[in-house]
Amino acid sequence: MTAQVYVNQIVKKVKCSGKKRKEIHRQLLADIQTEIGQGVPLDVIMLRMGEPIAIAEEFNQNLSQQEYRKYKRGFFAKLAAGILAVIAVLIIIAVWFLSIGLPFGTSGLYTQAEVEARSKEVIRLLDAGDYEALRAGAADHMQNILTEETIGPAKKLAGMDWGEFREFGKCYLSEQWTRGKTRAVAQINAAYENIGITYTLFFNSDLKLSGLYIK
């Protein structure tokens, strides 16, 4: 152990202001270095002075109430700063994982015409049951979802007998920011012979299908 480390261990246990702590640190280190300069080995000096925690406690007993109050103010200020830092990190994490809705066009990644066209294309492929073509234009995580076994039951939940497709209604567009990535969101109504269906489709920056809701 060096004299610096020994003094650091003492000073970090002293309950006083930062200014006072620096003063104690400077004085202790100067006293030890003086003795070392006189030929006294460091281990002998440390043995005579005692354990760091015992020395710190002796300092604490002799400190004024004013110094102790300064220590408490500094301690709670650091604690509050630490808590705020943790809260800030949690907020950042929450924002990172939560989805934030944004007006369409915010990112500059999409145009209304291309997103609306892709949405209608996806719906036509769903109506045709062309899952191979759907998967070809979908994000990786959608590959196991875009199958008859998955989509078929989902469509039946909206209605058993849709009838033939008639026409598209208005397409509402927005954007969604989540996990550092932006997606285009299209909500479009489709009229069939026996039912009206609302599709909500999500597209990544490459206009690949990355999410789908049918109701």
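Starting from 1, residues in each chain are numbered consecutively following that chain's sequence as written. Only residues with pLDDT of 70 or above have their local features reported here, since the model is predicted, and side-chain atom pairs are shown and tallied only from 80 upward, although totals for entire chains, interfaces and linings are computed over all residues. Derived side-chain values reflect all non-hydrogen atoms in the structure, with water molecules and hydrogen atoms excluded from consideration.

## Considering the sheet that holds strand β2 (residues 165-178)
Counted only if it meets this: Two strands qualify as a pair provided DSSP detects at least 2 bridges between them. Numbering goes from the N terminus for both helices and strands, where a helix is a DSSP run of H or I of at least four residues and a strand is a run of E of at least two. For helices, the fitted axis covers only the stretch in contact; all axes are lines through C-alpha atoms, and the angles between them, taken along N-to-C directions, range from 0 to 180 degrees. We call two residues in contact whenever any of their non-hydrogen atoms come within 4.5 Å of each other.
A sheet is described by the order of its strands in space; here five strands give the open sequence β1-β2-β3-β4-β5, paired in antiparallel fashion. The sheet is open, and its two borders are formed by β1 (100-103) and β5 (209-214), each paired with just one other strand. The sheet shows a mean angle of 30° between the axes of neighbouring strands, direction not considered. Two elements, strand β4 (residues 196-203) and β5, share five bridges in a ladder whose sense is antiparallel. Within the sheet, the bridge partner assigned to Phe203 lies in β5 and is Leu209. Along the sheet, helix α6 (residues 112-128) contacts β2, β3 (181-192), β4 and β5; its crossing angle with β4, the most-contacted strand, is approximately 120°.

## Points about the packing of helix α1 (residues 3-11) against helix α4 (residues 52-62)
This is how it is decided: Roughly parallel here means an angle under 35 degrees, roughly antiparallel means over 145, roughly perpendicular means 65 to 115, and every remaining angle is called oblique. Each crossing gets its hand from how the near helix is turned against the far one by less than a right angle, where anticlockwise is left-handed and clockwise is right-handed. Any residue outside Ala, Val, Leu, Ile, Met, Phe, Trp, Tyr, Cys, Pro, Asp, Glu, Lys and Arg is labelled polar, Gly included; the first ten of those are nonpolar and the last four are charged.
Taken N-terminus to C-terminus, the directions of α1 and α4 make an angle of 45°; their axes are 8 Å apart at the nearest point. Relative to α4, α1 is oriented oblique. The handedness of the crossing between α1 and α4 comes out as right-handed. Contact with α1, carried on its side by Tyr6, Gln9 and Ile10, involves Pro52, Ile55, Ala56 and Phe59 of α4 and no other residues of that element. Considering only residue class, the contact of α1 with α4 consists of six nonpolar, one polar and no charged.

Everything listed here is a matter of coordinates, which is why it stays silent on function.
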